2 protein chains.
Amino acid sequence: MPRTRAGRAPLTRDRVVAAASDVADAVGTQRLTMRLVADRLDVEAMALYRHVADKDDLLDALAERVLDRLNDAAAQLPGPAPGTPWTAVARERVLVAREVLLRHPWAPRLVHERGTMGPATLRWFDDLSAVLFTGGCSADLVHHAMHALGTRAIGYNAELLDVTPTGAEQDGEEMLSAMSAMSETYPAITRMVAEIAHDASTTLGWCDDQAEFEFGLDILLEGIERRRAAGGDGPPSGATGLSP
Amino acid sequence: MPRTRAGRAPLTRDRVVAAASDVADAVGTQRLTMRLVADRLDVEAMALYRHVADKDDLLDALAERVLDRLNDAAAQLPGPAPGTPWTAVARERVLVAREVLLRHPWAPRLVHERGTMGPATLRWFDDLSAVLFTGGCSADLVHHAMHALGTRAIGYNAELLDVTPTGAEQDGEEMLSAMSAMSETYPAITRMVAEIAHDASTTLGWCDDQAEFEFGLDILLEGIERRRAAGGDGPPSGATGLSP
DNA sequence: ACCTGAACACCGTTCAAGT
DNA sequence: ACCTGAACACCGTTCAAGT
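If you're wondering where the values come from, they're calculated on a predicted model, not measured in any experiment. (Residues numbered from 1 in each chain as written. Chains lettered and ligands numbered in written order. Predicted model: local features only at pLDDT ≥ 70, side-chain atom pairs only at ≥ 80, totals over all residues. Heavy atoms only, no water.)

Asker: I'd like to hear about the overall build of chain A, residue by residue, with values.
Answerer: Along its length, chain A carries 10 helices and zero strands. N-terminal to C-terminal, the α/β element order of chain A is α-α-α-α-α-α-α-α-α-α. Only carbon and sulfur atoms are counted for the fraction: they give 52% of the accessible area of chain A, which is about 12,200 Å². (Helix = DSSP H or I, 4+ residues; strand = E, 2+ residues; numbered from the N terminus. Areas by Shrake-Rupley, 256 points an atom, 1.4 Å probe, with all protein chains shown as cover.)

As structure tokens, this is what we get:
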């Protein structure tokens, strides 16, 4: 590992982002300062600008770094026993994501604020989409579910899947090769997009925010009413006093 | 209306908060600056500190102001036709709240960031709780529903109902009179708290975040699976291709 | 009583200069 | 090539001073 004359390891983008994560752990994302990040690296603030464009870029990178950790955690999950319903598999993935996010109290807010759609985020959504496809969900249903679960699981709120890879031109050739690269890396997302685009009659625009919101809301109301009718309460599956 | 020598209306906390709302509309909450708010009032920044403690206080007040607008909008809703199921009434309330919130693009994030539990927020939750009680939901179910719907409707994420009114002492007398005042102003919330406290056997701590999260998650998964089994998609109630 | 001017300790970011 | 010093245009906030 090369060293500068002063004996410090050389700065890299990764070390800068890691230092930012440490600073956020210590003082929160709100009070994170370029100067504080630099201090942790024994460097002047201006040195950071060689590795990140500006503070926004650094925070985006920090959000992606958190999503990387989610993917690491998901990868270490044991494969589900054969015959496990897809809902149980999806449930575990979301709960693991939440567990990792809560290790950094600042993480949910950061991911929510910056709706970045970087490789780590795409990976997470692709894996979860695959679970639903395997469970027999249609492309449309997977799409709606990603909105509803994505919001709940990782606080993700941006337009899902404005996924034209950065740098890809709009002219045909490049578009095609970009899409075929996408389909190898993110097969479930690609399938979802392709099937919905193919069957455009049921889609009222790509990611209609209002429709997605109502989808999630209606499911919640339906589930609450079902529990009321059953006379129960909720999580503790208690046998409480019936409703007045 | 009294005027200063310079002919301007005198500053009030309300005018300061209103100006902050205008500034936020123009440049967003992120770029809102004490100096910008002051400019809009033709005043120096330091004059604001006579009416708000600091910037944090101003942003809290701004969040409460938005919740006031939600309550105004809810108050103007026509009463539901007799026989309307509670789910439809609740649905409309949540959708109206969202509509108002979206009029100020910065509003959802602000309300989410500052989980204030001021009078306006309490009023909104009390009204929605009343709808569920009227629909026959148990206190426990109302509580869980407030968490699930509150998050979805207004991005509310703080501990619901750390509601000991500010300034109330812990000694018995004052506590009692504070609670009876609460019960007049917020009858549904008071009922919810009282019934849950009374029947403590089913409650595992007041506002167990993890349990509330799983409550909402399970309802979503259940609803998605139900739609898969029905072979449908979601919002457009379309008759698309069945799942693969 | 209410507002202002000047000042303080901080920001993010730039650019020429050092090594 | 990589980092630093000095500087710029901003912040939030204070406090004594004005009217």
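Continuing now.
Asker: For the protein's contact with DNA strand C, give the residues involved together with the corresponding values.
Answerer: Among the 17 residues in the neighbourhood of DNA strand C, the closest are listed as R35(A), M46(A), Y49(A), K55(A) and E44(B). Protein-adjacent atoms of DNA strand C, using a 4 Å cutoff, are sugar or phosphate at a proportion of 59%. For DNA strand C, a sugar or linking oxygen lies 3.2 Å from a polar atom in the side chain of T33(A). Contacts to DNA strand C include R35(A), whose side-chain N or O atom sits 2.6 Å from a base nitrogen. (Near = heavy atom within 4 Å. Polar contact = N/O pair within 3.5 Å; in protein donor to acceptor, adjacent residues only side chain to side chain.)

Asker: Lay out the packing of aromatic side chains with the relevant residues and their values.
Answerer: Residue and element names in this part refer to chain A. Under the counting rule described, the total for this entry stands at two aromatic pairs over all chains. With centroids separated by 5.4 Å and ring planes inclined at 80°, the aromatic side chains of W124 and F125 adopt a geometry described as edge-to-face. Neither residue differs from the other here; W124 and F125 are each classed as buried. Above the plane of the ring of F133 lies R191, whose end atom (NZ or CZ) is 3.9 Å from the centre. (Phe/Tyr/Trp six-rings, centres within 6.5 Å; stacked < 30°, edge-to-face > 60°. Buried < 20%, exposed > 50% of the residue type's maximum accessible area, 1.4 Å probe, protein only. Lys NZ or Arg CZ within 6 Å of the ring centre and 35° of its normal.)

Asker: So what's going on with helix α1 (residues 13–27) of chain B? Residues and values would help.
Answerer: All names here are of chain B. The end-to-end C-alpha distance of α1 is 21 Å, a good match for the 21 Å that 15 residues give at a rise of 1.5 Å each. Every buried residue of α1 is listed here: V16, V17, A19, A20, S21, V23 and A24. Just past α1, the residue G28 takes up positive phi, approximately 90°. (Expected span 1.5 Å × (residues − 1).)

Asker: With reference to specific residues and values, describe the protein's contact with DNA strand D.
Answerer: What surrounds DNA strand D is a group of 17 residues, the closest being E44(A), R35(B), M46(B), Y49(B) and K55(B). Close to the protein, within 4 Å, the atoms of DNA strand D are drawn from sugar and phosphate at a rate of 58%. Contact distances for DNA strand D include 2.9 Å between a phosphate oxygen and a backbone N or O atom of E44(A). In the environment of DNA strand D, a phosphate oxygen lies 3.1 Å from a nitrogen or oxygen atom belonging to the backbone of M34(B). Tallied by class, the residues present in the surface near DNA strand D amount to eight nonpolar, two polar and seven charged. (Nonpolar A, V, L, I, M, F, W, Y, C, P; charged D, E, K, R; others polar.)

Asker: An account of the pattern of salt bridges is needed here, citing residue identities and associated values.
Answerer: Per the counting criterion, the structure on display carries 26 salt bridges over all chains. Note that E195(B) and R191(B) form a salt bridge whose closest N and O atoms lie 2.8 Å from each other. Of this pair, E195(B) and R191(B) both sit in helix α9 (residues 187–198), four residues apart, roughly one helical turn. E195(B) sits in the partly exposed class, given a relative accessible area of 35%. Each of the salt bridges in this network shares a partner with another, and the network as a whole consists of E222(A), R226(A), R227(A), E222(B), R226(B) and R227(B). (Salt bridge = Lys/Arg side-chain N within 4 Å of Asp/Glu carboxyl O.)

Asker: Can you lay out unusual backbone geometry for me, pointing to particular residues and giving the numbers?
Answerer: For D42(A), which is not glycine, the phi dihedral falls at a positive 55°. Within the fold, D42(A) resides in the loop between α2 (34–40) and α3 (55–75).

Asker: So what's going on with the nonpolar core? Residues and values would help.
Answerer: Of all hydrophobic cores here, the largest spans 138 residues; its most connected members are V37(A), L132(A), V37(B), L132(B) and I224(B). Dropping the residues within four chain positions of it, L132(B) is found in contact with I224(A), W86(B), A90(B), C137(B), V142(B), A145(B) and M146(B). (Core = buried A, V, L, I, M, F, W, Y, C linked by side-chain atoms within 4.5 Å. Contact = heavy atoms within 4.5 Å.)

Asker: Describe in detail the environment of L217(A), supporting the description with residues and values.
Answerer: Considering the arrangement of structural elements, one finds L217(A) in helix α10 (residues 209–229). Distance from L217(A) to A148(A), taken between C-alpha atoms, is 8.9 Å for residues 69 residues apart in sequence. Apart from the residues lying within four places of it in its own chain, the contact partners of L217(A) are R91(B), V94(B), L95(B), L149(B) and R152(B).

Asker: I'd like a rundown of the packing of α3(A) against helix α6 (residues 119–134) of chain A, residues and numbers included.
Answerer: All names here are of chain A. Across the interface, α3 lies against α6 with an axial gap of 8 Å and an inter-helix angle of 35°. In this structure, the crossing between α3 and α6 has a hand that is left-handed. Contact with α3, carried on its side by E64, L67, D68, L70 and N71, involves P119, A120, T121, R123 and W124 of α6 and no other residues of that element. Among the residues forming the contact of α3 with α6, the class breakdown is five nonpolar, two polar and three charged. (Axes fitted to C-alpha atoms, helices over the stretch in contact; angles between N-to-C directions. Left-handed = near helix turned anticlockwise from the far one by under 90°.)

Asker: Give a detailed account of the confidence of the model for chain A, specifying residues and quantitative values.
Answerer: Residues and elements named next belong to chain A. Mean pLDDT over chain A works out to 83, with 80% of the residues at or above the 70 mark. Looking across chain A, the model is least confident in helix α8 (residues 172–185), with a mean pLDDT of 74, and most confident in α2, with 97. This stretch, residues 158–170, has a pLDDT under 50; its non-local contacts, to residues over four places away or in other chains, come to 27 contacts. Note on residues 234–244: pLDDT is under 50 here. Beyond four places in sequence and across chains, it has 24 contacts. (pLDDT = per-residue confidence, 0-100.)

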